[in-house]
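Working through the structure, step by step
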Amino acid sequence: MNTLFAQEAQIPDIEWSLIWPLLILSLAGVILITITSLVPRTRTGSFPAAFTAASAITAAMFIPSTVARVNDQQLVNGRAEFYVLARSIAVDNFTLFITGVICLAVAMSAFLLDDYLRREGLESPEWYALLMLSASGGVLLASAEDLIVAFVGLEILSIAVYVLAALHLRRSESQEAGFKYFVLGALSSAIFLYGIALVYGATGSTNLRGINDSMFAVNDRGLVPAQDSSLLLVGIAFMLVGFAFKVSAAPFHIWTPDVYQGAPSPVVGFMASGVKVAAFAGFLRVFLYGFSDLQEEWLPIVAALAVITLVVGSFVAVVQTNIKRMMAYSSITHAGFMLIGLHSATKDGLGGSGGPEILGSSAILFYLFSYSVMVLGTFAVITVMGRTGDGQHSIDSYRALARSQPLLAGLFVVLLFAQAGIPFTSGFVAKFRVILAASEDQNYVLAGVAMLAAVVGAYLYLRVVVAMFLEDETDDAVDVAAADAGDSEPIDVPPAVLTVLVISVVVTLALGVLPDLGGSFLDNAAATLTQLRD
Amino acid sequence: MSASMIFGAQNVSWPLLPSLILVPVATVLVLLVLPKSRPDYLKVVALAGTSVTGALSAYLLWAFNKSDGGLQFVVREAWVEDLGLQWFLAVDGISLFLVVLTGLLFPVTILATDPHHDHKPYYIWLTLLMAGTMGVFMALDMLLFFVFFEVVLVPMYFLIGGWGHGNRVYAALKFFIFTMAGSALMLVALVSTAVLTARSTGNPLTFDVVELAQTQTLGRTAEILIFLAFALGFAVKVPLFPLHTWLPDAHTEAPTAGSVILAGVMLKLGAYGYIRFGLYLFPNAAHSLAWLFLTLAVVGIVYGAVVATMQTDLKRLVAYSSVAHMGFIILGIFAFNSLALQGAVIQMVNHGLSTGALFILVGWIYERRHTREISALGGLQRSAPLFAGIFTLVMLSSIGLPGLNGFVGEFLILIGAFQTVQWFAVVATTGVILAALYLLWAFQRVFHGTPDGENAKMADLRVSELFSIVPLLALIVFLGIYPKPVLERIEPAVNQLLAHVEANVQELDQQEPEAPPVPAGVQQLTEALEGTETGGEGE
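Residues numbered from 1 in each chain as written. Chains lettered and ligands numbered in written order. Predicted model: local features only at pLDDT ≥ 70, side-chain atom pairs only at ≥ 80, totals over all residues. Heavy atoms only, no water.

Let us now look at the side chain of A:Arg463. Residues and elements named next belong to chain A. As for its position among the elements, Arg463 is in helix 18 (residues 444-470). Buried and unpaired, Arg463 has no salt bridge, with Asp396 as the nearest side chain of opposite charge at 7.9 Å. A polar contact of 2.7 Å, which involves the side chain of Arg463, links it to the backbone oxygen of Gln320. Leave out the neighbours within four places in its chain, and Arg463 touches Ala317, Val318, Val319, Gln320, Thr321, Met326 and Ile395. (Helix = DSSP H or I, 4+ residues; strand = E, 2+ residues; numbered from the N terminus. Buried < 20%, exposed > 50% of the residue type's maximum accessible area, 1.4 Å probe, protein only. Lys, Arg positive; Asp, Glu negative; His and termini not counted. Salt bridge = Lys/Arg side-chain N within 4 Å of Asp/Glu carboxyl O. Polar contact = N/O pair within 3.5 Å; in protein donor to acceptor, adjacent residues only side chain to side chain. Contact = heavy atoms within 4.5 Å.)

Between chain B and chain A, the residue contacts involve 37 residues of the former and 37 residues of the latter. Across the chain B/chain A interface, buried area totals approximately 3,300 Å², and carbon plus sulfur atoms make up 78% of it. Our enumeration of links across chain B and chain A arrives at 2 salt bridges. A salt bridge links B:Arg199 to A:Glu440; the nearest nitrogen and oxygen atoms lie 3.3 Å apart. Where chain B meets chain A, there are 5 residue pairs in polar contact (both at pLDDT 80 or more). The set of elements that each furnish at least two residues to the side of chain B that touches chain A consists of strand 1 (72-80), strand 2 (85-91), helix 6 (142-151), helix 7 (153-163) and helix 8 (168-201) of chain B. (Buried area = accessible area lost by both parts, 1.4 Å probe.)

Here we take up the nonpolar core. All names here are of chain B. Tyr157, Phe207, Tyr274, Ile333 and Phe334 are the most contacted members of the largest nonpolar core, which has 403 residues in total. Each of domain 1 (1-252) and domain 2 (289-507) contributes no fewer than three residues to this core. Each residue touching Phe334, except ones within four places of it in the same chain, is listed here: Phe227, Tyr274, Leu279, Ala286, Ala290, Phe293 and Leu294. (Core = buried A, V, L, I, M, F, W, Y, C linked by side-chain atoms within 4.5 Å. Domains from an automatic or database assignment.)

Bringing the packing of aromatic side chains into the picture now. Residue and element names in this part refer to chain B. The final tally for this structure, using the stated rule, is 56 aromatic pairs over all chains. Note on Phe137 and Tyr272: the rings are 5.5 Å apart at their centroids and 85° apart in plane angle, and the pair reads as edge-to-face. Here Phe137, found in helix 5 (residues 119-138), pairs with Tyr272, found in helix 12 (residues 256-280); they are 135 residues apart in sequence, far enough to count as distant. Note on accessibility: Phe137 and Tyr272 belong to one class, buried. Ring geometry for Tyr274 against Phe293: centres 5.4 Å apart, planes inclined by 65°, an arrangement best described as edge-to-face. With Tyr274 in helix 12 and Phe293 in helix 14 (residues 290-310), this residue pair connects regions lying 19 residues apart in the sequence. The burial state of Tyr274 is the same as that of Phe293; both residues are buried. Here the aromatic cluster, defined as three or more aromatic residues joined through ring pairs, consists of Phe145, Phe149, Phe227, Phe230, Phe234, Tyr274, Phe277, Phe282, Phe293, Phe334 and Phe336. (Phe/Tyr/Trp six-rings, centres within 6.5 Å; stacked < 30°, edge-to-face > 60°.)

Structure follows, in structure tokens:
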């Protein structure tokens, strides 16, 4: 008995309590499907949405206690991270920050989905289950300490979203979006996986620490590359492509406008917030930590990606007339800003006391959070404005919205100006932080390009503002006819959607006036990113 | 330089400067809850809020210590400590009068104009604009300045787009995008200034203008590039030739209130920026690139005047006259001479008063006649004699007739500039003649002759209208006769600024040509204007 017990003790001690958010999100998805399969589909009402929001909030409630444990441990032995599941998952302030943002995105998307599905007559619990599973994949990706786990996280995240994009059964655009997203996404996943294989071949490890340790070896000539670097570099390049696809950085952005246009509006809100945040989190951890020693090789590529992304995103947006396509290009432009943050978050050889990296890391984390909040509010408006059939997304259907729906237009205009980066909104602070980080890193050209792209991008948001506030409904006869034909359905703003919108606007303004609201969590998360390499 | 010399004594015990921003913001909150069906209430509340702010700015003028050239009423609160951002508000003799001008023009505008539709958002945007403009003139943290500089675009954009004429949406977009594009690189420049300074001094990051100006550690190339990025943003705002193309559109299509505020206050943001973030922050770069700005300024003076002469639209004519007048101000700033710089500062106030009044008068003509075409108007002197009289006074002030305010500024600028940049001053003088040409010619066509049809029936000024414009007229005359109270407050600040420039520009002494001797008569006139000989304390 005693020996048997001793043998059992050999089983590694898994600290499940550290990964509650991950467990809750994935289990809640399965439980939801199980429960609702016992009840007739038409009788579930708002239960799935409430259950999803409650699960996301519950998952988020474990974050503060875990943060406290992480910080306590840092006081004890200086390490601000825990590793669970055989060192394949890292629980640190960075993971927890990203988890918080993803949980927020899930809860807000669930609020939007509830009324959307009722309006479209598509009520079914699969949407919510897929939403939570996708979120659990995102959390897994953000915390992955091992490339295989990162790939599993990425696939869970993506596959659920492919399905969500195609789930509006009565709209052929939705099917098309789902299919396009799947085909291109699968291709990028394959390239990503091939990259992992090459990296493993070169370094003999899939663990980020192992990869980092094996890059250089000390011999009599000092620090030299320890392995076949061409194999490694090709692997890194392939992984870079995979991440660039997921964060929709140009030239790997081609899918974004079509998918954003076709997919159901609340799902797009989640894609632009939760999915993007998770993909960036994985990108940051793998590249800033795993491949940090080779940054001279991949940093110029990230810089070039950032410039191309900013230019393509802002200039192509100008000619769009569909608001969801506009938001797709806007999301591409914002990805460009975030890439500059990532670029500045790398260790620079110029010395200094860790200043620039911290600024870069905190800039990108602030950007991810504030952009997620803005874009969820934006898609709350778009969901409402799409009306039954989710089809009215022409900029013309926003004409004179300030007259018919002054509250909706007033709240929306705050979010639009925030995305344009006007002061006293979180969008300005995010932009400023990125510019500051880039300047600290002496990348003045990148900063300048970003600002010029922001001006071109501002035109996009102003066009929507013009339509809502400065144009009359009866500008010409054609529009009147169009109005009679299709716009007759009144705009209905359900309380749940309004709640999401108000939360989003309040957070956006609050962070604009008091930029360091809740700053220590952000700073600790940013510090984690830079300390991982030490 | 000791801290007390920089900051001066604390004049009042309560936060006067923040209240200049917070009172309009509080007014906006009140306006938000008022019903939109009662435009009269809305107007009274907006007028009350902006008037209280104006009264506070008048109190500021009274409490200001005139012998102190440094910053006064300093308020500092940390904003984002990690990034070195602070709420740093203060005024000196240069910004003081711009703050007072803002405090004056907003209530006058609200009293003198009527939006005709959508009263609630109109008053909200106008009051919000006042808060933002006050912020720009008082902010001495670079980022805080930029924040206000950018945020004032939003209310002005809505004012032009929502209550403007004809091509209003195009004008509003052009205004917004032009200005934003100009200031895009400014953000990079100001961040780089802070970062480079922090790196070379080893101090924590700061955006404090005073601290950065005292440090002066940028390399020459960096300083020039950064200065140019700032200058581009200001050049759009001023506007300097050839970046002025947004101005005629914006001014012409804007509602009267928009034009008044745009010309009266917002153009000064650029000129003020050149003083505070050009001369003060980057003295070396500003001095070595002065030729560029002097050239653009005199080109603007002549070009603006010539184009104004050709205009057929009265409002567009006034708009182009602004291009010329702002050219004088830039000439005064980059002449690096105490008289010229004092002239530039007082000319900002004068231009705000006279062009603001001109726009109000043109707006009233439009309300009565529904046209601004000069050819469609005529003989208004017969039908509206009082109107014509007031227009004459304001127009003469804009031309720069001695005895009215416009003369004081232009004269000081030209005298000062003549001492340091002679030939630029010579060319600029033609602008004075051209101003007489285009304004008098326009006046002749609009007011002289025999009125026909609608023109014969044009109503004269109402008492309420007269009441709203009288403060501007009174100041136009008062500053023309007795500018000393203004100049004696500007002078210490200007001299302190030029001393700072001189201390930091190494090659100033070798480069400077010998100043030509000032004729005795001019010397006396200058001194009389400044009141240095009389030394009296006023009436």
